Amino acid sequence: MTDVHNLHQAANDELIKGNDEKAIEIYTKIIELAPGDEVALSQLMELYLERDKVMYYITRANVNIVQQKYEHAINDVKKALNLESQSIEALRKLGRLYKVTGKNLRAVDEFLKILDIDANQKDAYIELIDLYTKENSPESAIGIAKKAVANFAQDSEFKNILANLYFKSGDYKNALETAEDDFLKAKILLQDEQNDSAKEILNKLKEDKNMYKESNKEQLAAYYLLEAQYYYNKKEFDEALNYVEKYTDLSLPNALSFQMKALIYEGMGDEFKSSYNWGYCYKVRKRFDEAIVEFTHAHNAKPDDKNTLIELANLYANNGEKFASMEYWKKVYEIDKDKRAGQILGDFYYEQGDLRLAEYYGKTIEKKSQKEAAYEDEGLLEKIIKLFSKK
């Protein structure tokens, strides 16, 4: 932030000298470094007020964005467009405002207008591809990506974006013909089970020393995952697991690593480990009901696995199903008198008023409470006796 502070000082110096244009340039640089700098935004608004009404409204929109007043920001940008209907900056800002407020189809219209004005606006293509994907319109996304590839023939980024869209739609032939990135090519080939061709690319990637640099950890992790998929396809499951572990060492456990392990163990015929990893896969993705189903399968396959029981207890508790949760904590406690399970069960039964069970699970009960419980029990017994004596 020292740079921003120095820039503020420089901009102020230019204002004192009367060099407004230079001050605008510096304040614009500040906004690039710190988009939420309200002092810079306010100064720009003041400088643009009489000089450039379009930029005044765009800057005022930025102030409203910082304050999360998106509808006010939209109105400001519309005012800018009323003054200059072909302002690409205003159209871009309006499109992004519509996007963040969930009005995706309106956002599409704005980015299409940008391309009508200037077909070389790369970010408009990227935004449109993203919006069409969000709207579950893969054909439209592919159509825009094709136009981008045609317009930027030397740009490998758009070719890989198009290849990935083909890949996701199951068109492996066009995906492979379009892709330029070796990682993506290997991914497509493996999905299409062209394993030998994929292995040739993987062997070439393995020889790239740059991939092993600290700065390329993500790339190396991706390589390990591709190797895991190759060995999974070849049904060499132990080697596939080895590469998943290498991937996990770099990227930490995530939904993808749990999914890969689940599939590998499924291939190995290990029902418990397969279900157990599917459980974690769904849990990480916050699909808790499906996680419960899979952990239940794991529990049925190996009833005395303590970790599975704890996962089920916690998942039911998070779902608000306290009594179901307690049933699993009981099973945990029965294995080895687990201290945490005992504490949870003791607190639960104490809250329920069952002091004997609370004490059984290790809850310390005051003598007064014990006497009250005894009196309550005696009173209940008398009521039962009287009830039966009437018959």
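Our structure's up above, just so we're on the same page.
Residues numbered from 1 in each chain as written. Predicted model: local features only at pLDDT ≥ 70, side-chain atom pairs only at ≥ 80, totals over all residues. Heavy atoms only, no water.

### Section: the overall build of the protein
The condition is simple: For the purposes of this entry, the term helix denotes a DSSP run of H or I that reaches at least four residues, the term strand denotes a run of E that reaches at least two, and both are numbered from the N terminus. What the globule rule says is 2.2 Å times the number of residues to the power 0.38, and the radius of gyration is computed from C-alpha atoms. Only protein chains enter the accessibility calculation, which uses a 1.4 Å probe. A residue is then buried if its area is under 20% of the maximum for its type, exposed if over 50%, and partly exposed in between. What sets the accessible areas is the Shrake-Rupley method with a 1.4 Å probe; for residues, cover comes only from the shown protein chains.
Along the backbone of the protein there are 23 helices and zero strands. Expected size for 391 residues packed as a compact globule is a radius of gyration near 21 Å; at 32 Å, the protein overshoots this value by more than 25%. Burial statistics for the protein: of 391 residues in total, 42% are counted as buried. In the form shown here, the protein has an accessible surface area of approximately 22800 Å², with 48% of it arising from carbon and sulfur atoms.

### Considerations on the side chain of H299
Basically, it comes down to this: Residues count as neighbours in contact if any of their non-hydrogen atoms are within 4.5 Å of one another.
Residue placement: H299 occurs in helix α18 (residues 288-301). Excluding anything up to four places from it in sequence, H299 contacts T308, L309, L312, Y328 and K331.

### Considerations on the packing of helix α8 (residues 122-134) against helix α9 (residues 138-151)
A packed helix pair is summarised by two numbers, namely the angle formed by the two axes and the spacing between the axes. How we decide: Axes, fitted as lines to C-alpha atoms, cover a helix only where it is in contact. Angles between the N-to-C directions of the axes lie from 0 to 180 degrees. Working rule for angles: under 35 degrees goes down as roughly parallel, over 145 as roughly antiparallel, 65 to 115 as roughly perpendicular, anything else as oblique. Each crossing gets its hand from how the near helix is turned against the far one by less than a right angle, where anticlockwise is left-handed and clockwise is right-handed. In this classification, the charged set is Asp, Glu, Lys and Arg, the nonpolar set is Ala, Val, Leu, Ile, Met, Phe, Trp, Tyr, Cys and Pro, and all remaining amino acids, among them Gly, are polar.
The interhelical angle for the contact between α8 and α9, taken along N-to-C directions, is 165 degrees, at an axis separation of 8 Å. Put simply, α8 runs roughly antiparallel to α9. Here α8 runs over α9; the crossing is left-handed. For the pair formed by α8 and α9, the contact residues are Y125, L128, I129, Y132 and T133 on the first element and S140, A141, I144, A145, K147, A148 and N151 on the second. In terms of residue class, the contact of α8 with α9 is made up of eight nonpolar, three polar and one charged.

### Quick notes on the nonpolar core
We count it as follows: Joining through side-chain atoms within 4.5 Å is the link that ties buried Ala, Val, Leu, Ile, Met, Phe, Trp, Tyr and Cys residues into a set, and such a set is a nonpolar core.
By size, the foremost hydrophobic cluster in this structure holds 61 residues, and its most contacted members are Y27, V77, F111, Y125 and L128. In terms of residue count, the dominant contributor to this core is helix α4 (residues 53-66) (seven residues). Beyond its immediate sequence surroundings of up to four residues, Y27 is in contact with H8, A11, N12, L15, A40, Q43, L44 and L47. Core analysis: the second largest hydrophobic core is formed by 31 residues, L309, Y328, V332 and Y349 among them.

### So, the packing of aromatic side chains
Formally: Aromatic rings from Phe, Tyr and Trp, with only the six-membered ring used for Trp, were paired whenever their centres fell within 6.5 Å, and each pair was classed as stacked if the ring planes differed by under 30 degrees, edge-to-face if by over 60, and tilted otherwise. Ring-over charges, as used throughout, are those where CZ of Arg or NZ of Lys falls within 6 Å of the ring centre and within 35 degrees of the ring normal.
All chains considered together, the criterion is met by 23 aromatic pairs. For the ring pair Y223 and Y224, a centre distance of 5.7 Å and an interplane angle of 50 degrees mean the geometry is tilted. Among the aromatic residues, those joined into a cluster by ring pairs are F323, Y333, F348, Y349, Y360 and Y361. K122 extends its terminal NZ or CZ atom over the ring of F152, reaching a point 5.2 Å from the ring centre. A cation over an aromatic ring shows up here: K363 above the ring of Y350, its NZ or CZ 5.2 Å from the ring centre.

### Let's talk about helix α13 (residues 195-206)
Selection criterion: For a helix, the expected span equals 1.5 Å multiplied by the residue count minus one. The directions from the helix axis to the C-beta atoms form the arc being described.
If you check α13, its first and last C-alpha atoms are 16 Å apart, about what twelve residues at 1.5 Å a residue would give, namely 16 Å. All of the buried residues along α13 are N195, A198, K199, I201, L202 and L205. In an axial view of α13, the angular spread of the buried residues amounts to 165 degrees, which keeps them on one side of the axis. When the buried face of α13 is taken as reference, the exposed residues oriented beyond 90 degrees from it are D196, E200 and K204. Residues of α13 that are buried sit in contact with α12 (182-191) and α14 (217-233).

### A few points about the side chain of N277
The condition that has to hold: What qualifies as a polar contact is a pair of N or O atoms within 3.5 Å, subject to a donor-acceptor requirement within protein and to the restriction that residues adjacent in sequence count only when both atoms come from side chains.
Its place among the elements puts N277 in helix α17 (residues 271-284). A relative accessible area of 7% places N277 in the buried class. A distance of 2.9 Å separates a polar atom in the side chain of N277 from the backbone oxygen of K273.

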